[in-house]
Number of protein chains: 2
Amino acid sequence: MNLQTVHSILLAISYSQAFQYTELAQYVDDHQEEYVEALRDWVAVESDSSNIFKRPELHRMMEMVAQKLREMGGTVELVDIGEQELPDGQTLALPKVVTAQFGSDPSKHTVCVYGHVDVQPAKLEDGWATNPYNLTDIKGNLYGRGASDNKAPVLIAIIRTSTAFMWLYFYISLPQTITDLPVNVKFLIEGMEETGSNGLDAFILAQNDTFFSDVDYIIISDCGWLSRRPALTYGTRGNCYFFAEVEGPKQDLHSGVYGGTVIEPMTDLIGILDTLISPSGKILIPGIREAVAPLSDEEWKMYQDVEFNLDHYKNETGVNQLMYNNKVDLLAHMWRYPTVSIHGIEGAFSDSGTKTVIPAKVTAKFSIRQVPDMDPAVVKKQVTDYLYSVFAKRKSPNSLKVTMVIGAKPWLADTQHPLYEAGKAAVQRVFNMDPDMIREGGTIPIARTFQDVTGKSIIMMPIGGFDDGMHSQNEKISRYNYIEGTKLFIAYLNEVAQIKSTSV
Amino acid sequence: MNLQTVHSILLAISYSQAFQYTELAQYVDDHQEEYVEALRDWVAVESDSSNIFKRPELHRMMEMVAQKLREMGGTVELVDIGEQELPDGQTLALPKVVTAQFGSDPSKHTVCVYGHVDVQPAKLEDGWATNPYNLTDIKGNLYGRGASDNKAPVLIAIIRTSTAFMWLYFYISLPQTITDLPVNVKFLIEGMEETGSNGLDAFILAQNDTFFSDVDYIIISDCGWLSRRPALTYGTRGNCYFFAEVEGPKQDLHSGVYGGTVIEPMTDLIGILDTLISPSGKILIPGIREAVAPLSDEEWKMYQDVEFNLDHYKNETGVNQLMYNNKVDLLAHMWRYPTVSIHGIEGAFSDSGTKTVIPAKVTAKFSIRQVPDMDPAVVKKQVTDYLYSVFAKRKSPNSLKVTMVIGAKPWLADTQHPLYEAGKAAVQRVFNMDPDMIREGGTIPIARTFQDVTGKSIIMMPIGGFDDGMHSQNEKISRYNYIEGTKLFIAYLNEVAQIKSTSV
């Protein structure tokens, strides 16, 4: 009997079984190794969306996701979302978006689970203790690029869905254990999240009256907890990512032979980068800080209630001193104030050793995390105007080109919505405690688009641990978060099923 | 009959043949392709001395040089010069130094030819039009890393030496064409020049009373001409190469998740780098400019006489404007004033794409070309004192470590010495014109050591073209410079043989 048939039988069966959380949780525990193996297969794919040379891997990753969903009998589509324009004017096919549907019972709510399976760059020589594409279990932590951000959370949603069917498959002779999905589940899995979800906005706009028409709630399972306490996330910062390119000589020059005869692009680039941020971390670009919504008393109070240990955070980052020494200031600057980070310089000498070169063309990469009420279009103008003006004062014969390559908006939800109440109940059931209500310093660009385009209610339910090292060396997810997270998802869908339709 | 035997026979033959320049030059022309193939073999070895992972290639390169010299029947040694200490405290074997000796007739002068066979880093993706390790002939230019700096010049000296023997070998039945070396020739070939000739100073000190005891003159064949006119070089700048490392978090952090909570090492590093150089290229480190010997009237006049086309130089570099618009100022800043170049930053994000990372540890690489009367030990103190003081003002929780990893002295020779007169005569014979008397902005650290330790007279006879792109993408040597350079070397050794012993 194949899975398609199982699925058909299931759909024909009455959906009246009581919610069997304990049995499902036990089932998940029993199948833990299977789920780790599934994650291993996915982590092995270097689906780095920022590196155009890895695009074939990214395409392969999307096919694997589709295949996984197909195996469970879902209605799966790989949707072409067009091409990406590269800086040199060439185009590159975007990874397809995977959609899937399980169930279409009009008496049930329909949730759409959004996730991504692209990853940040990672190389062993960046300082990984293990091969970033070989999932490695060390003391119950599963190390690998994308393990926490965002492959395990996507797998969790798939596992929860498959649990309904696979359980039947294995225990077909024990009909009393048959369970079913308490809600209809749709999937929307993309492969460009780490670089700004290129092409997905257009997809959502185009599918608003079709794919999204019967969706009630959107569940985003990304980011991580803030402490050992589970969390629900109600806001993210946006991200404006800039390239500042200074070009001078037509090719790299020997610094001995040519040094002293040309104004070096690196000197110019360092000079303009140094005008972005003060030594104490203050943003110096005119207009940026003025646009930020003021911190309200209620918000201040909420931050007070969050479980957050400054000392632990300091130890975790390994810095000698944090930028702020009290919880509220630190959380506020982590979540709801903008920051500028300079990530690096392309085109200069970056290897070990002592090359004596005058790099001809150097491109700085920096980004601004932005928050309500900032607007990416305005930020773009503020940054480019400022840098061009600073550069002009240098009277350099070199040329400067500033471009904003990502402009993702921040997102903010209502923490009183039934979707969040359901989340609190699910956390209570699985972990026997209240979740922290948190925001996220990072960016889930699509959260804002879901809100603006579909008008649906959105919840962000993080699964990753607070110390997972997303985007960093030695990214991991713990078995605890992976497996308990799966149970949380099981409990959550059941809670969502209880939401009264008027609350939608 | 093997080459050893040929050599023995040769040594037994009277060295009384007249100098047969025309025949030797013709021989070189006839064997051009053979010499290009020899260069191809050498360029194929990625003998990058700055990259510790390429060390095996460097060892192989030294063996190839030794083998080449052995084939000609020279007395060849591969001399162990010890180990290199790495920043992490580990050690790595230095490439051996190759020495060779051809002839020991006390009635002849003895010259020592110094050269190096290590190269600067090069990767196709840096912007090379061809594979940098596959010598590629395009319109008479031979492209490849190390082609001009310094593999072809070393081969030229070897070819000149082999010409004496190989000619005999091929034309054994025509004794009237037998020629011989007019001087005894020694070779000293090293593999660490590009990173400061690590270990060679100690070697020279140790061998001063042995290898160097019977050497009259040292010929350094490195660097390039200044125009299409051949040149003799009488000075080089020194090089103090610095690492400035700023360290903060214990590992890279996600700029969204952590941005706003830590003072980022990149901000600090950019901040201190920006205090090194003014926008117009002026060095801002206190004390550096004050130490420079003033430009004399005689020097100013010499610079006036040099053939140098500012427009051509501007076109060659491709900049919109040079730092100075008159020949003397430009040459002075290229040759005899110090400069600071910032080469790049290790540890930051340097690939294409848009990684959102807060790099935990970033190391800037910059160097100061220094000139008489600067002293590397003083420069080291000036730079480190200055940067630590600038950094302290930032009150950063991060840590700074400044180290000087190369401290190579400048060198200056007397242009009236018979060794230079011999050079002028050789240039006249081969090219039918006077050479330009030039200095070199780059550094040949060992020139100064030869001067200080051995007390021998030194000449630098450049072979490379003015547009060879040493240390840059698409380095090349033209067939013209390679082949005519070989003839120049043939003519030069003959001129050196004429120097009266009292002039030594």
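Going by what an unreviewed UniProt entry lists, chain A is known as Carnosine dipeptidase 1 and is assigned to Fundulus heteroclitus.

Engineer: Describe in detail helix α14 (residues 445-454) of chain A, supporting the description with residues and values.
Structural biologist: For α14 of chain A, every residue scored as buried is listed here: P445, I446, A447, T449, F450 and T454 of chain A. The first or second residue beyond α14 of chain A is G455 of chain A, which carries a positive phi of 70 degrees.

Engineer: Go over the environment of G103 of chain A, please, and point to the residues and values.
Structural biologist: Tracing the sequence through the fold places G103 of chain A in the loop between β4 (97-102) and β5 (110-116). Along the primary structure G103 of chain A and K186 of chain A are separated by 83 residues, whereas in three dimensions their C-alpha atoms are 8.4 Å apart.

Engineer: I'd like to hear about the nonpolar core, residue by residue, with values.
Structural biologist: If you look at the biggest cluster of nonpolar residues, it comprises 114 residues, and the most contacted ones within it are F187, L188, F450 and Y482 of chain B. The residues touching F187 of chain B, leaving out its near neighbours within four places in the chain, are L69, V98, T99, A100, F102, V113, A157, I158, T161 and F211 of chain B. Y27, L232, F431 and I490 of chain A belong to the second largest nonpolar core, which has 113 residues in total.

Engineer: I'd like to hear about the sheet that holds strand β20 (residues 476-478) of chain B, residue by residue, with values.
Structural biologist: Strands belonging to one sheet form pairs held by backbone hydrogen bonds; the direction of such a pair is parallel or antiparallel. Residue and element names in this part refer to chain B. Sheet architecture is open: three strands sit in the order β6-β7-β20, paired in antiparallel fashion. Each edge of the open sheet carries a strand with a single partner, namely β6 (136-138) and β20. On average, each strand axis in the sheet is tilted by 25 degrees relative to the strand beside it, whichever way the strands run. As paired strands, β6 and strand β7 (residues 141-143) are joined by three bridges and run antiparallel to one another. Residue pairing across strands places D137 opposite L142, the latter belonging to β7. Across the face of the sheet, helix α15 (residues 479-498) comes into contact with β6, β7 and β20 while running at roughly 60 degrees to β20.

Engineer: Pulling in residues and values, what's your account of the side chain of Q84 of chain A?
Structural biologist: All names here are of chain A. Relative to the helices and strands, Q84 resides in strand β2 (residues 83-85). Given a relative accessible area of 12%, Q84 falls into the buried group. A polar side-chain atom of Q84 sits 2.8 Å from a polar atom in the side chain of R55. Sequence-distant contacts of Q84, defined by excluding residues within four places in its chain, comprise R55, Q90, T91, L92, L94, M192 and N198.

Engineer: An account of the domain arrangement of chain A is needed here, citing residue identities and associated values.
Structural biologist: Residues and elements named next belong to chain A. Under the domain assignment, chain A is made up of domain 1 (3-8 + 62-236 + 410-503) and domain 2 (238-293 + 336-408). Contacts between the two partners involve ten residues from domain 1, matched on the other side by nine residues from domain 2. Approximately 740 Å² of surface area, both sides summed, lies buried where domain 1 meets domain 2, with 65% of it carried by carbon and sulfur atoms. Our count for the domain 1 to domain 2 interface comes out at zero salt bridges. Summed over the shared surface of domain 1 and domain 2, the result is two residue pairs in polar contact (both at pLDDT 80 or more). Its residues assigned to classes, the side of domain 1 that touches domain 2 comprises three nonpolar, six polar and one charged.

Engineer: Lay out the sheet that holds strand β7 (residues 141-143) of chain A in plain terms, naming residues and giving numbers.
Structural biologist: Residues and elements named next belong to chain A. The strand order across the open sheet built from three strands is β6-β7-β20, with neighbouring strands paired in antiparallel fashion. Each of the sheet's edge strands pairs with one partner strand only, and the pair in question is β6 (136-138) and β20 (476-478). Geometrically, the sheet is characterised by an average inter-axis angle of 25 degrees between neighbouring strands, direction not taken into account. Contacting β6, β7 and β20, helix α15 (residues 479-498) runs over the sheet at an angle of about 60 degrees to β20.

Engineer: Explain the packing of helix α3 (residues 32-43) of chain A against α15 of chain A to me, and be specific about the residues and the numbers.
Structural biologist: All names here are of chain A. Where α3 meets α15, the closest approach of the two axes is 11 Å, and the angle between their N-to-C directions is 110 degrees. Regarding the angle of α3 to α15, the classification is roughly perpendicular. Touching Q32, E33, Y35, V36 and L39 of α3 are R479, Y482 and I483, all from α15. Across the contact of α3 with α15, the residue classes tally to five nonpolar, one polar and two charged.

Engineer: So, the pattern of salt bridges: which residues are in play, and what are the values?
Structural biologist: Within the structure shown, the criterion is met by 44 salt bridges over all chains. The partner of R40 of chain B in a salt bridge is E37 of chain B, with the nearest N and O atoms 3.1 Å apart. Of the two residues, R40 of chain B and E37 of chain B both sit in helix α3 (residues 32-43), three residues apart, roughly one turn of that helix. Using a relative accessible area of 26% as the deciding quantity, one classes R40 of chain B as partly exposed. The exposure class of E37 of chain B is partly exposed, given its relative accessible area of 37%. When salt bridges that share partners are traced, they join D29, E484 and K487 of chain A into one network.

Engineer: So what about the pairing of strand β9 (residues 217-220) of chain A? Which residues, and what values?
Structural biologist: Each regular strand displays side chains that alternate between the two surfaces of the sheet. All names here are of chain A. Here β9 shows a buried face lined by Y217 and I219 and a second buried face lined by I218 and I220. Judged from the four bridges that link them, β5 and β9 form a sheet pairing that is parallel. Of the residues in β9, the one forming a bridge with C112 is I218. Pairing of β9 with strand β19 (residues 457-460) involves four bridges; the strand directions are parallel. Paired with Y217 across the two strands is S457, which belongs to β19.

Engineer: Before we move on, could you go through the packing of aromatic side chains and cite the residues and values that matter?
Structural biologist: All names here are of chain B. Counted under the stated rule, the structure contains 22 aromatic pairs over all chains. Plain terms: the ring middles of F102 and F187 are 5.9 Å apart, the flat faces sit at 80 degrees to each other, and that makes the pair edge-to-face. Placement of the pair is F102 in strand β4 (residues 97-102) and F187 in strand β8 (residues 184-190), with a sequence separation of 85 residues. Judged by relative accessible area, F102 falls into the buried class, the value being 1%.

Engineer: Can you lay out the interface of chain B and chain A for me, pointing to particular residues and giving the numbers?
Structural biologist: With 90 residues of chain B at the interface, the matching set in chain A holds 90 residues. Summing both sides of the interface, chain B and chain A together bury roughly 7,600 Å²; the carbon and sulfur share of this comes to 51%. Broken down residue by residue, the surface that chain B buries against chain A is led by T261, T354 and K355 of chain B, which jointly contribute 8%. Inspection of the region where chain B meets chain A yields four salt bridges. Linking D126 of chain B and K355 of chain A is a salt bridge whose minimum nitrogen-to-oxygen distance equals 3.9 Å. In terms of residue count, strand β13 (residues 339-346) of chain B provides more of the side of chain B that touches chain A than any other element does, eight residues in total. Here the residues of the side of chain B that touches chain A are counted per class, giving 34 nonpolar, 40 polar and 16 charged.

Rules of the game
- Residues numbered from 1 in each chain as written.
- Chains lettered and ligands numbered in written order.
- Predicted model: local features only at pLDDT ≥ 70, side-chain atom pairs only at ≥ 80, totals over all residues.
- Heavy atoms only, no water.
- Buried < 20%, exposed > 50% of the residue type's maximum accessible area, 1.4 Å probe, protein only.
- Helix = DSSP H or I, 4+ residues; strand = E, 2+ residues; numbered from the N terminus.
- Core = buried A, V, L, I, M, F, W, Y, C linked by side-chain atoms within 4.5 Å.
- Contact = heavy atoms within 4.5 Å.
- Pairing = 2+ DSSP bridges.
- Axes fitted to C-alpha atoms, helices over the stretch in contact; angles between N-to-C directions.
- Polar contact = N/O pair within 3.5 Å; in protein donor to acceptor, adjacent residues only side chain to side chain.
- Domains from an automatic or database assignment.
- Buried area = accessible area lost by both parts, 1.4 Å probe.
- Salt bridge = Lys/Arg side-chain N within 4 Å of Asp/Glu carboxyl O.
- Nonpolar A, V, L, I, M, F, W, Y, C, P; charged D, E, K, R; others polar.
- Parallel < 35°, antiparallel > 145°, perpendicular 65-115°, else oblique.
- Phe/Tyr/Trp six-rings, centres within 6.5 Å; stacked < 30°, edge-to-face > 60°.

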